[in-house]
Number of protein chains: 2
Amino acid sequence: MKEFECRKKERLRDIEKLLERYLPKEEGYQKTVLEAMNYSVRAGGKRLRPMLMQETFWLLGGRGELVEPFMAALEMIHTYSLVHDDLPAMDNDEYRRGRKTTHAVYGEGMAILAGDGLLNLAFETAVGAFRLARGQEEYERTARALEVLARKAGVQGMIGGQTADVEAEGSAAGEMTMERLLFIHENKTAALLQASMLVGAILAGADEGTCGQVGECARLIGLAFQIQDDILDETGSLEELGKPIGSDRKNAKQTYVTLKGLQEAEAQVESLSRQAMEIIESFEGDTGFLRNLIESLIHRRK
Amino acid sequence: MKEFECRKKERLRDIEKLLERYLPKEEGYQKTVLEAMNYSVRAGGKRLRPMLMQETFWLLGGRGELVEPFMAALEMIHTYSLVHDDLPAMDNDEYRRGRKTTHAVYGEGMAILAGDGLLNLAFETAVGAFRLARGQEEYERTARALEVLARKAGVQGMIGGQTADVEAEGSAAGEMTMERLLFIHENKTAALLQASMLVGAILAGADEGTCGQVGECARLIGLAFQIQDDILDETGSLEELGKPIGSDRKNAKQTYVTLKGLQEAEAQVESLSRQAMEIIESFEGDTGFLRNLIESLIHRRK
């Protein structure tokens, strides 16, 4: 495990350096929004999505820098969603992981613009991959990867999940069905994880069947991750989560735990995790790091 | 002029039909955000940007449907910027063109999501153009057009202008320089007009020199348009603009008129307009409609 932790720190450091290359210089009349965007990205975090993308890319035979703009783009998309999610009109959070949220520092208007700026910059960045593509094949992979990235981030993915989640706030227990909860988890959370792994696979030149398996694997990981999130919310604390206990409960939102109970939730996490691992193990090559990464993600204590 | 007005109505009708093809079906757990997005787009309007894009495309020899996803995408980008601009934390407008704004109908949270959804859908839509591209050349044009669209919409374009504009609110007269005002006009307004015409030119296969001229032409049009906006704000009324007189003045924002006076502003509009026309007239082909369109845009009374 110690070797994994070392390698993970190394990877994280490399990804931070990579991200910095794509962040805008803070100059010009629009300097403030650039500062706010960088503040948002530099909030730190596990950089899980770019890490998953690159590991999947490498595992499936991908080499070179074509994946890099997409890694940065995905982290920007993830970041903008947090910035907007924290806004007063949405979740209204002053803090995220013990650090002041973007609107708390820059004001609401600038935080809205920073989020817009990051989403837009994500696409500017991903589109820049065409300049790295060599030959018709890489060009086509880049176009397909862009397509998947855009779809999973939008109303058929993350934004769709966000919408359903926002509307679920305060709903009477009878209105939140398991079907609706799974929709939220799959779209609000799993969609970007799917984008991470699918883009890595597509850019590596994986065939359709492999891409389908990768997408399914990411969906399972996303679900397991979110159910674990529900479990932690039930059992966690301010120190661990960086926000008050039962934050979801405060907003009267149903979770997997309130719908099915803690035991069933824990059993589901195990089952989904095992299914995801089976898919990873079916791929040739050294799956060690990827398996440890997914494992550490699902079974995190915070 | 009557022929122009007829043709313009025709074109507008065709563009409305085109847009409808790209709007999402209002179904699923995320239905509300889809309704809000469609409400925003269906607010009507002149559809100037897609119209400019298509006319430029045709004028420079473009044929076929490759331009269509980009037309829809640009109108979505323009629309999302208005939705976010109207938010309480930004311009705080209950009405736009005499109609309730998106947040006034759906609430602030859903309006934020609707704006995000539209920006994202714009890129999903534009990326879809790759499926229409035939051959390496069209593929490359699509990638370049995407690059320009993304850059002009972002922090180096529209969002950059929005940021500087938001920060100019309430500034003492001494802080708003002509240089800063021109930055705002060029980015907040002209950038998307440049995107309109440049994308049309790129997709039509125009060479670098022609694209440069087209971009310059659009910049001049955008500036003239915005200075005219400042003039109308000074002399207009609630009925014509759909919002109270001197709305910018109320927020103590400097305009071209307050900085240079009404006469100089009017002279500038004429000069910029003439320069833009010269560029259009330098292109071969029937420039009649395009010239009338630009003319009607710049010299509008509302």
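Computed from a predicted model, the values in this text were never measured in an experiment.

1. Considering the overall build of chain A
Item 1. The number of helices and strands found in chain A is 15 helices and 2 strands.
Item 2. Judged by the C-alpha coordinates and their principal axes, chain A covers about 55 × 50 × 35 Å.
Item 3. Intrachain contacts of chain A at a sequence separation of at least 6 include 73% that bridge at least 24 residues.
Item 4. Accessible surface computed for chain A: about 12,300 Å², of which carbon and sulfur atoms make up 46%.
Item 5. The positive charge centre, built from 38 side chains, and the negative charge centre, built from 49, are 4 Å apart in chain A.

2. Re the relation of the copies chain A and chain B
Item 1. Mapping chain A onto chain B leaves a residual RMSD of 0.0 Å; the transformation is a rotation of 180° accompanied by 0.0 Å of translation along its axis. Seen this way, the second copy is the image of the first under a two-fold rotation axis.
Item 2. Interface residue correspondence from chain A to chain B reaches 100%, placing this contact among same-surface, isologous pairings.

3. Observations regarding the interface of chain A and chain B
Item 1. Residue-level contacts link 48 residues of chain A with 48 residues of chain B.
Item 2. Regarding the contact of chain A and chain B, the summed buried area is about 4,300 Å², with carbon and sulfur atoms giving 66% of it.
Item 3. Linking chain A with chain B are 2 salt bridges.
Item 4. Where Glu147 of chain A meets Arg131 of chain B, a salt bridge forms, and the shortest distance between an N and an O atom there is 2.6 Å.
Item 5. With 12 residues, the single largest contributor to the side of chain A that touches chain B is helix H6 (residues 108-127) of chain A.
Item 6. Here the residues of the side of chain A that touches chain B sort into 25 nonpolar, 13 polar and 10 charged.

4. Observations concerning helix H14 (residues 262-281) of chain A
Think of an α-helix as 3.6 residues a turn; residues three or four steps apart then line up on the same face.
All names here are of chain A.
Item 1. The first and last C-alpha atoms of H14 sit 29 Å apart over 20 residues, in line with the 28 Å expected at 1.5 Å per residue.
Item 2. Taken together, the buried positions of H14 are Ala265, Val269, Leu272, Ser273, Ala276, Met277, Ile279 and Ile280. Considered in projection along H14, the buried side chains sweep an arc of 155° and stay on one side of the axis. Opposite the packed face of H14, turned more than 90 degrees from it, sit the exposed residues Gln263 and Arg274.
Item 3. On the buried face of H14, the contacting elements are helix H9 (178-203), helix H10 (208-235), helix H13 (256-260) and helix H15 (288-298).

5. A word on the environment of Tyr256 of chain A
Item 1. Looking at the element boundaries, Tyr256 of chain A is found in helix H13.
Item 2. For the pair Tyr256 of chain A and Gly45 of chain A, spaced 211 residues apart in sequence, the C-alpha to C-alpha distance is 25 Å.

6. Observations regarding unusual backbone geometry
All names here are of chain A.
Item 1. Despite not being glycine, Arg47 shows a phi value in the positive range, around 55°.
Item 2. Mapped onto the elements of the fold, Arg47 is located in the loop between helix H2 (31-41) and helix H3 (48-59).
Item 3. Since its relative accessible area comes to 3%, Arg47 is described here as buried.

7. Points about H2 of chain A
Item 1. Buried residues dominate H2 of chain A, accounting for 9 of its 11 residues.
Item 2. Among all positions of H2 of chain A, only Thr32, Val33, Leu34, Ala36, Met37, Asn38, Tyr39, Ser40 and Val41 of chain A are buried.
Item 3. Against the buried residues of H2 of chain A lie helix H1 (2-22), helix H4 (68-85), strand E2 (99-100), helix H5 (102-106) and H6 of chain A together with helix H8 (158-168) of chain B.

8. Brief notes about the side chain of Thr32 of chain A
Item 1. Within the element layout of this structure, Thr32 of chain A appears in helix H2.
Item 2. Apart from the residues within four sequence positions on either side, Thr32 of chain A is in contact with Tyr106 and Met110 of chain A together with Glu167 of chain B.

9. Remarks on the pattern of salt bridges
All names here are of chain B.
Item 1. Under the defined criterion, the tally for this structure stands at 32 salt bridges over all chains.
Item 2. Taking the shortest distance from any N to any O, the salt bridge between Arg141 and Glu137 comes out at 3.0 Å. Residue Arg141 and its partner Glu137 are both found in helix H7 (residues 135-153); the two are separated by 4 residues, about one turn of the helix.
Item 3. With relative accessibility at 18%, the residue Arg141 sits in the buried group.

Definitions and cut-offs
- Residues numbered from 1 in each chain as written.
- Chains lettered and ligands numbered in written order.
- Predicted model: local features only at pLDDT ≥ 70, side-chain atom pairs only at ≥ 80, totals over all residues.
- Heavy atoms only, no water.
- Helix = DSSP H or I, 4+ residues; strand = E, 2+ residues; numbered from the N terminus.
- Contact = heavy atoms within 4.5 Å.
- Areas by Shrake-Rupley, 256 points an atom, 1.4 Å probe, with all protein chains shown as cover.
- Lys, Arg positive; Asp, Glu negative; His and termini not counted.
- Charge placed at Lys NZ, Arg CZ, Asp CG, Glu CD.
- Least-squares fit on C-alpha atoms with pLDDT ≥ 70 in both.
- Buried area = accessible area lost by both parts, 1.4 Å probe.
- Salt bridge = Lys/Arg side-chain N within 4 Å of Asp/Glu carboxyl O.
- Nonpolar A, V, L, I, M, F, W, Y, C, P; charged D, E, K, R; others polar.
- Expected span 1.5 Å × (residues − 1).
- Buried < 20%, exposed > 50% of the residue type's maximum accessible area, 1.4 Å probe, protein only.
- Arc of directions from axis to C-beta.

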